[in-house]
Amino acid sequence: MWGMSRRRLRQCVDAGKVVEAIREAERASSGEVRVSVSRFFWGDVEKAAARAFSRLHMEATADRNGVLIFVVPSRRRFVVLGDAGIHAKVGQAFWNDVAACLTAQFARGAFTEGLVEGIHLVGVRLAEHFPWGGEADRNELPDDVDFR
């Protein structure tokens, strides 16, 4: 089931729950989280994730604390990318932990649960290193799931 089309994954994922998980993570921190689901393509998934990171303006956050979960369902691949600010705080081991969480959930077909759990893990670390800035804190990026 994991090797499905983007359209089929869109039908399987409860985007409302994913958006709510993003909003919850962002309420506790100044960080920004996005989820992008890509169509099938040939080529390097990590390079495509980096292009999506740029296309979605993830590097435009004031503290460079944006995190992108980039999913390519037809290729059974995903990438978790953190901008320079958050990566410097958490290191590669943390991204590996998030990836392990997503892998376990996706393998059993629990895509919504996997995304929500991964976003929660990211949100906890963002709140630890980039706590919410009060009323001055603003939502710098959209919270929707990107299905472009």
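Since we're looking at a predicted model, the values are computed, not measured.

A. Local environment of the side chain of Arg34. The residue Arg34 is located in strand E1 (residues 32-37) in this model. Residues contacting Arg34, with those up to four places away along its chain left out, are Leu56, Met58, Val67, Leu68, Ile69, Leu141, Pro142, Asp144 and Asp146.

B. Quick look at the confidence of the model for the protein. On average, the protein scores 91 in pLDDT, and the residues at 70 or more come to 94%. Between the elements of the protein, mean pLDDT differs from a low of 69, seen in helix H1 (residues 6-12), to a high of 97, seen in helix H5 (residues 111-129).

C. Local environment of helix H3 (residues 45-55). Where H3 is concerned, the buried positions are Val45, Ala48, Ala49, Ala52 and Phe53. Down the axis, H3 shows its buried residues gathered within 150° of arc, on one side only. Residues of H3 that are exposed and point more than 90 degrees away from the buried face comprise Lys47 and Arg51. If you follow the buried residues of H3, they end up packed against strand E2 (66-72) and strand E3 (77-82). Here H3 starts with a cap whose side-chain oxygen sits 2.8 Å from the backbone nitrogen of Glu46, and that cap is Asp44.

D. Representation of helix H4 (residues 84-107). Along its 24 residues, H4 runs just 29 Å from first to last C-alpha, ending more than 12% under the 34 Å computed at 1.5 Å per residue. Along its length, H4 reaches its greatest deviation from straightness, about 95°, at Gly91. What H4 keeps buried is the set Gly85, Ile86, Val90, Phe94, Trp95, Val98, Cys101, Leu102, Gln105 and Phe106. Gly109, located one to two residues past H4, shows a positive phi value of around 80°.

E. A look at the pattern of salt bridges. All chains considered together, the criterion is met by six salt bridges. Where Glu20 meets Arg27, a salt bridge forms, and the shortest distance between an N and an O atom there is 2.8 Å.

Rules behind the numbers
- Residues numbered from 1 in each chain as written.
- Predicted model: local features only at pLDDT ≥ 70, side-chain atom pairs only at ≥ 80, totals over all residues.
- Heavy atoms only, no water.
- Helix = DSSP H or I, 4+ residues; strand = E, 2+ residues; numbered from the N terminus.
- Contact = heavy atoms within 4.5 Å.
- pLDDT = per-residue confidence, 0-100.
- Buried < 20%, exposed > 50% of the residue type's maximum accessible area, 1.4 Å probe, protein only.
- Arc of directions from axis to C-beta.
- Polar contact = N/O pair within 3.5 Å; in protein donor to acceptor, adjacent residues only side chain to side chain.
- Expected span 1.5 Å × (residues − 1).
- Bend = angle between axes of the 7 residues up to and from the residue.
- Salt bridge = Lys/Arg side-chain N within 4 Å of Asp/Glu carboxyl O.

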